[in-house]
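These are the residues of each chain, in order.
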Amino acid sequence: MYLRAYGIIETSAPLHVGASAGEETGNLNLIFRDQFTQTGIIPGSSIRGRFRADMRQSEGESFVSKWYGHHVSEGADTTTEALVKFEYASLVWLPVFCPGQPIVWITCPWLLKRYKQIAQISEPLPKPYTAPKTLPGRQVGGDRKVLFFNLGFMEIEHEADLSAWIPIESALKPDSLVVVADNDIAMLHDMALYRQSRVKLDDKVKKVTTGAFFNVEALPEGSILVFPIALKEKGWKPFGDSPSQELYFGGLESIGFGRCLTTLAGEYQ
Amino acid sequence: MAWQLYGLDREAQQLVLQAKSRQPESLNQSYKMRLAVAYGLERFWGEHLRLQRSDGDKARYWKNTWDSLVKIMAQAGLKLPNDSVRADDTRAIQAMSEKLWQLDLADQRYALAVLTQLCDCLVWWTQRYKGKSTDADS
């Protein structure tokens, strides 16, 4: 039996995990996505890589081998199993621009279901198009409430307190949360992503290097993700005695991407 | 009802094709529309009056875009004013402007966000259909 723990990642800067270029050669999937909801994920290997690298720096190689497994070395024909295992991180809440709000955090039942399992929440899953009573919106025809977005609008159909779905240590405001349907999340996610066209300038002249025009896609600042951790034994202290620490995930770190606040919970230390 | 699209791309494509068939040169107004959004609804609406005197086709493109916006926002239950006004009718201009200024601030923001997106779509389609038409009618 594994010990169950989990981590919450709150992005403090845009987060890019995937391929930053290559759309000219046919790559249109710039960030890693979950195949069902089409929303951004961080693969378990990336999370593991970050934890492992940080531990190597602070604790040294032998500690790393103990927790993350011994790699194959010359002469030896065996590796050791890791004591700590990571699964991919999926979105729990995604901030999206909403005129007049100006930001609401959205999720869908599918994403909440995974979060519910990981964080062991007893609350029943909210229905699609649920928002708290306190969410500001445009009142239309009596008691109907409408939220406007860039590409469409949405009618809130159910009212419920969603504060049970706000993860630990996150500063989410309970009155700016909206649950949408599983069918809508992919499109709203596309609308919410941080997207930019970028160029590389020539080394000597201030003009674009030929062919160096590319797009980049990232989860926006303020996104909240969750990932499960399984441990074979207690005592894993990646952040010392603190439950949370700033960690960098993904690429484009040197140009300001990837800073995240990571918080651990469950049976890990 | 839940989530509903405005269908902005479709609206924009129609607007661009109509403008192109009237007068291909008027298509460049798309970029100006996108820029004008930043100055607010009143200025955007008023621009077709300025063009009425000098260039009817360009004026029509601006007005048709406004008409589309009014139609789109109406689907979502937001009623934007849309009086038919001539450039020389000062009183009518004043009446329409009053209505625009009286819009709730939140409603203005909703309308401007959608108008911004609509103009982005116009620029997209303009970029695709610009240039000399090879149709028989040109």
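Residues numbered from 1 in each chain as written. Chains lettered and ligands numbered in written order. Predicted model: local features only at pLDDT ≥ 70, side-chain atom pairs only at ≥ 80, totals over all residues. Heavy atoms only, no water.

1. A short note on the overall build of chain B
Then comes step 1: When helices and strands are tallied, chain B shows six helices and one strand.
Then comes step 2: Element order for chain B, N to C, with α for helix and β for strand: β-α-α-α-α-α-α.
Then comes step 3: Here chain B has a C-alpha radius of gyration of 15 Å; the compact-globule value for 138 residues is 14 Å, and the two agree.
Then comes step 4: Expressed as a percentage of its 138 residues, the buried residues of chain B come to 46%. (Helix = DSSP H or I, 4+ residues; strand = E, 2+ residues; numbered from the N terminus. Rg over C-alpha atoms; globule rule 2.2 N^0.38 Å. Buried < 20%, exposed > 50% of the residue type's maximum accessible area, 1.4 Å probe, protein only.)

2. Digging into the confidence of the model for chain B
All names here are of chain B.
Then comes step 1: In the predicted model, chain B carries a mean pLDDT of 90, and 94% of its residues have values of at least 70.
Then comes step 2: Within chain B, helix H4 (residues 56–75) carries the highest mean pLDDT (94), whereas strand E1 (residues 3–5) carries the lowest (90).
Then comes step 3: For this predicted complex, the interface confidence score (ipTM) comes to 0.81, while the overall pTM stands at 0.85. (pLDDT = per-residue confidence, 0-100.)

3. Here's the deal with the packing of aromatic side chains
The relative placement of two aromatic rings is captured by the distance of their centres and the angle of their planes.
Then comes step 1: On inspection of all chains with the given rule, the structure shows 17 aromatic pairs over all chains.
Then comes step 2: Between Trp125 of chain B and Tyr129 of chain B, the ring centres sit 5.6 Å apart and the planes meet at 20 degrees, which makes this aromatic pair stacked. One end of the pair is Trp125 of chain B and the other is Tyr129 of chain B, both in helix H6 (residues 105–129) and four residues apart, which spans about a single turn.
Then comes step 3: A relative accessible area of 15% means that Trp125 of chain B is categorised as buried.
Then comes step 4: An aromatic cluster is built from Phe51, Tyr68, Phe86, Phe227, Trp236, Phe239 and Tyr268 of chain A, whose rings are joined through pairwise contacts.
Then comes step 5: Its guanidinium or amino end placed over the ring of Trp110 of chain A, Lys113 of chain A lies 5.1 Å from that ring's centre, counting from NZ or CZ. (Phe/Tyr/Trp six-rings, centres within 6.5 Å; stacked < 30°, edge-to-face > 60°. Lys NZ or Arg CZ within 6 Å of the ring centre and 35° of its normal.)

4. Observations regarding the side chain of Ser170 of chain A
Then comes step 1: Mapping Ser170 of chain A onto the fold places it in the loop between strand E10 (158–159) and strand E11 (177–179).
Then comes step 2: For Ser170 of chain A, the residues in contact, after removing those within four places along its chain, are Glu10 and Ile224 of chain A. (Contact = heavy atoms within 4.5 Å.)

5. Let's talk about the packing of helix H1 (residues 44–59) of chain A against helix H2 (residues 61–68) of chain A
All names here are of chain A.
Then comes step 1: With their axes 7 Å apart at the nearest point, H1 and H2 run at an angle of 150 degrees to one another. Compared by their axis directions, H1 and H2 come out roughly antiparallel. In this structure, H1 contributes Arg48, Phe51, Arg52, Met55, Arg56 and Glu59 to the contact, and H2 contributes Glu61, Phe63, Val64, Trp67 and Tyr68. (Axes fitted to C-alpha atoms, helices over the stretch in contact; angles between N-to-C directions. Parallel < 35°, antiparallel > 145°, perpendicular 65-115°, else oblique.)

6. Quick word on the side chain of Ser90 of chain A
Then comes step 1: Positionally, Ser90 of chain A belongs in strand E4 (residues 89–97).
Then comes step 2: Not counting the four nearest positions on each side in its chain, Ser90 of chain A is found in contact with Ile41, Leu111, Arg114, Ile224, Leu225 and Val226 of chain A.

7. Some words on helix H1 (residues 8–22) of chain B
All names here are of chain B.
Then comes step 1: Between its terminal C-alpha atoms H1 stretches 21 Å, which fits the 21 Å expected from 15 residues at 1.5 Å a residue.
Then comes step 2: Burial in H1 covers these residues: Leu8, Glu11, Ala12, Leu15, Val16, Ala19 and Lys20. The arc that holds every buried residue of H1, seen down its axis, measures 160 degrees, which confines them to one face. For H1, the exposed residues set more than 90 degrees away from the buried face come down to Arg10 and Ser21. (Expected span 1.5 Å × (residues − 1). Arc of directions from axis to C-beta.)

8. Let's talk about the sheet that holds E1 of chain B
Then comes step 1: Within the open sheet, the four strands sit side by side as E7(A)-E8(A)-E9(A)-E1(B). Their pairing is antiparallel. Because the sheet does not close on itself, it has two edges, and the strands there are strand E7 (138–140) of chain A together with E1 of chain B. Taken pair by pair, the neighbouring strands of this sheet meet at an average axis angle of 30 degrees, ignoring direction.
Then comes step 2: Here E7 of chain A runs beside strand E8 (residues 144–148) of chain A; their pairing, made up of three bridges, is antiparallel. Counterpart to Gln139 of chain A in the pairing with E8 of chain A is Lys145 of chain A. (Pairing = 2+ DSSP bridges.)

9. Here we look at the environment of His70 of chain A
All names here are of chain A.
Then comes step 1: Along the chain, His70 falls in the loop between H2 and strand E3 (84–86).
Then comes step 2: Its relative accessible area of 35% is what places His70 among the partly exposed residues.
Then comes step 3: Considering only alpha carbons, one finds His70 and Glu81, eleven residues apart in sequence, at a separation of 7.3 Å.

10. Concerning the environment of Gln139 of chain A
Residue and element names in this part refer to chain A.
Then comes step 1: Residue position: Gln139 is located in strand E7.
Then comes step 2: On the basis of relative accessible area, Gln139 is assigned to the partly exposed category, the value being 45%.
Then comes step 3: Excluding residues within four positions of it along the chain, Gln139 makes contact with Arg144 and Lys145.

11. Let's talk about the nonpolar core
Then comes step 1: The biggest cluster of nonpolar side chains holds 53 residues, and the ones touching the most others in it are Phe51, Val178 and Trp236 of chain A.
Then comes step 2: Each residue touching Val178 of chain A, except ones within four places of it in the same chain, is listed here: Trp93, Val104, Trp105, Ile106, Thr107, Thr130, Ala131, Leu135, Leu147, Met154 and Ile156 of chain A. (Core = buried A, V, L, I, M, F, W, Y, C linked by side-chain atoms within 4.5 Å.)

12. With respect to the interface of chain A and chain B
Then comes step 1: Taken together, the 22 residues of chain A in the interface contact 18 residues of chain B.
Then comes step 2: Approximately 1900 Å² of surface area, both sides summed, lies buried where chain A meets chain B, with 65% of it carried by carbon and sulfur atoms.
Then comes step 3: When the buried surface of chain A facing chain B is broken down by residue, Arg138, Phe148 and Phe153 of chain A rank first, second and third, together holding 37% of it.
Then comes step 4: Viewed at the interface, chain B and chain A are joined by one salt bridge.
Then comes step 5: One salt bridge in this structure joins Arg138 of chain A and Asp107 of chain B, with 2.7 Å as the shortest N-O distance.
Then comes step 6: The tally of links from chain A across to chain B stands at nine residue pairs in polar contact (both at pLDDT 80 or more).
Then comes step 7: Secondary structure elements with two or more residues in the side of chain A that touches chain B: E7, E8, strand E9 (152–156) and helix H4 (182–192) of chain A.
Then comes step 8: Here the residues of the side of chain A that touches chain B are counted per class, giving 13 nonpolar, four polar and five charged.
Then comes step 9: Of the strand pairs in this sheet, E9 of chain A and E1 of chain B are connected by three bridges, and their pairing is antiparallel. In the sheet register, Phe153 of chain A faces E1 of chain B, and the bridge partner there is Gln4 of chain B. (Buried area = accessible area lost by both parts, 1.4 Å probe. Salt bridge = Lys/Arg side-chain N within 4 Å of Asp/Glu carboxyl O. Polar contact = N/O pair within 3.5 Å; in protein donor to acceptor, adjacent residues only side chain to side chain. Nonpolar A, V, L, I, M, F, W, Y, C, P; charged D, E, K, R; others polar.)

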